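If you want the building blocks of each chain, they are given just below.
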Amino acid sequence: MATYRIIVIPGDGIGPEVMAEALKVLRAAEANFPGLRFECKEYRAGALCYKETETDLPAETLEACRTGDAILFGSTGDPSIRFPDGTEIAPQLTLRFVLDLYAGIRPIKRYAGVPSALAGDPAIDYVIMRENVEGLYASRGAGVKVGEQVAVDNMVITRQGTERIVRYAFRIAQGRQGAVRDKVRRVTCVDKANVLKSMAFFRQIFYGVAKEFPGIQTEHAYVDAMTMYMVQRPLHYDVMVAENMFGDIISDLGAGTVGGLGVAPSADVGDTLGLFQPSHGTAPDIAGKGIANPIAQILSARMMLEWLADRKKDAQLAQAARAIEAAVEQTLADRRNHTADLGGTAKTPAVGDAVAAAIGRTD
Ligand code: ATP
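Residues numbered from 1 in each chain as written. Predicted model: local features only at pLDDT ≥ 70, side-chain atom pairs only at ≥ 80, totals over all residues. Heavy atoms only, no water.

Draft legend 1. Quick look at the site of the ligand. With respect to spatial proximity, 14 residues lie near the ligand, and among them His-280, Gly-281, Ala-283, Asp-285 and Asn-293 are the closest. In this structure, an oxygen atom belonging to the ligand sits 3.3 Å away from a main-chain N or O atom of Thr-282. The side chain of Asp-285 places a nitrogen or oxygen atom 2.8 Å from an oxygen atom of the ligand. For the ligand, the protein covers 64% of the area, taking 610 Å² as the surface of the free molecule. Tallied by class, the residues present in the shell around the ligand amount to six nonpolar, five polar and three charged. (Near = heavy atom within 4 Å. Polar contact = N/O pair within 3.5 Å; in protein donor to acceptor, adjacent residues only side chain to side chain. Areas by Shrake-Rupley, 256 points an atom, 1.4 Å probe, with all protein chains shown as cover. Nonpolar A, V, L, I, M, F, W, Y, C, P; charged D, E, K, R; others polar.)

And the structure:
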């Protein structure tokens, strides 16, 4: 029996609601794969935690994140609770920097039955790799404001930071079957190399690393043009790689083309640690109503199992990850399981129940 210690941080807003469904699905995976055990322990972080304890990321939570096998994160923040300087409470960003979770992995996949914002509901399936700890957001908390006249944030691009995210992107492409349209394995560098030196450097490093992966096609696109291509020809893409802020923006655009944030999972991983959380935030407008879509959280748990399977060389984990994926496919194919964001009337727990039940039918 392999036991994995999962650090569970439900957080604020809809975080606890969608997390309950992901845990339900992990229990179903345990029941169907008797060799697996997930020791899930909850820890606090976020806005409510800050209000009650004066810290948004308690030392005990951070220590658990450092020592557990993986971190399953909900969402944190609350517009009405802020730090004294007015900034938002976002311990997940702190964790990215402190734990060096440099690779943001954002699958953009449309599941059958889920309406796309794009005409014809294309069968979109690509991955955005976002550099997570440098780029423009490296200035988080470190920018300069001079009086009421000038403010400056810097774009930070390092050779080491860029090489490792680009290499990761190529490795992800190696594990995929290529772009939907032509089955060609392809990595696209998304940048603004025509305007910024930092971005020209990013692209130069991209093509340097690409030489290590001769079997994979390479190309580049300016980020502004990319926002158009992602709408016009999404099936051309396989894997994209971008600096932090550009990756952030195109990830949400991508999510919008496959059904929205409620179905968009993500992983933030480093060389030894991994944090898995939905792309959405705390959705305060729908929190407490039982109508949040738990699929992004469930798919984030699935990514966690896939990542753990690779790290621990555990084939059962990989099987369990595939079973969750198949269960989500089955669930979403039936419109009765669609929550309000997808145009349906299903409640959060009903969707979790449907995915959990489907796991038993997929192995
Ligand atoms: P944050 O600053 O924490 O990212 P936000 O309000 O800017 O918060 P989200 O929380 O991601 O951003 O929400 C954006 C919109 O998407 C909201 O209208 C929200 O209700 C909706 N939304 C986000 N996640 C879900 C979900 N899981 N199910 C249904 N709707 C969702």
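Draft legend 2. Region of interest: the packing of helix 9 (residues 295-312) against helix 10 (residues 315-333). Closest axis-to-axis distance for the helix 9/helix 10 pair is 7 Å, and the angle between their directions is 160°. In this view, helix 9 runs roughly antiparallel relative to helix 10, as classed from their interaxial angle. With respect to the hand of their crossing, helix 9 and helix 10 are arranged in left-handed fashion. Listed contacts from helix 10 to Ile-295, Ile-298, Leu-299, Arg-302, Leu-305, Glu-306, Leu-308 and Ala-309 of helix 9 are Leu-317, Ala-318, Ala-320, Ala-321, Ile-324, Glu-325, Val-328 and Leu-332. For the contact of helix 9 with helix 10, a count of residues per class yields 13 nonpolar, no polar and three charged. (Axes fitted to C-alpha atoms, helices over the stretch in contact; angles between N-to-C directions. Helix = DSSP H or I, 4+ residues; strand = E, 2+ residues; numbered from the N terminus. Parallel < 35°, antiparallel > 145°, perpendicular 65-115°, else oblique. Left-handed = near helix turned anticlockwise from the far one by under 90°. Contact = heavy atoms within 4.5 Å.)

Draft legend 3. Fine view of the sheet that holds strand 4 (residues 103-109). Taken in spatial order, the ten strands of this open sheet run 2-1-3-12-11-4-5-10-8-9, and their pairing is mixed. Taken across any chain shown, the strands that pair with only one partner, and hence form the sheet edges, are strand 2 (36-42) and strand 9 (217-222). Ignoring strand direction, the axes of neighbouring strands in this sheet form an average angle of 25°. Where strand 1 (residues 2-11) and strand 2 come together, seven bridges link them in parallel fashion. Paired with Thr-3 across the strands is Arg-37, a residue of strand 2. Strands strand 4, strand 5 (125-131), strand 8 (186-191), strand 9, strand 10 (239-242) and strand 11 (265-269) of the sheet are contacted by helix 5 (residues 159-174), whose axis makes an angle of about 165° with strand 5. (Pairing = 2+ DSSP bridges.)

Draft legend 4. Structural view of the packing of aromatic side chains. Evaluation of the coordinates by the stated rule reveals seven aromatic pairs. For the pair Tyr-50 and Phe-83, a centre-to-centre distance of 5.1 Å together with 75° between the ring planes defines the contact as edge-to-face. Residue Tyr-50 is found in helix 2 (residues 47-53), and its partner Phe-83 is found in the loop between strand 3 (70-75) and helix 4 (91-98); the two are separated by 33 residues along the sequence. Tyr-50 sits in the buried class, given a relative accessible area of 17%. Note on Phe-206 and Tyr-207: the rings are 4.9 Å apart at their centroids and 80° apart in plane angle, and the pair reads as edge-to-face. Residue Phe-206 is classed as buried on the basis of its relative accessible area of 0%. (Phe/Tyr/Trp six-rings, centres within 6.5 Å; stacked < 30°, edge-to-face > 60°. Buried < 20%, exposed > 50% of the residue type's maximum accessible area, 1.4 Å probe, protein only.)

Draft legend 5. Spotlight on unusual backbone geometry. With a phi close to 40°, Asp-121 is a non-glycine residue in the positive phi region. Phi at Lys-183 is positive, roughly 60°, even though this residue is not glycine. Note that Lys-183 resides in the loop between helix 5 and strand 8. We classify Lys-183 as exposed; its relative accessible area is 57%.

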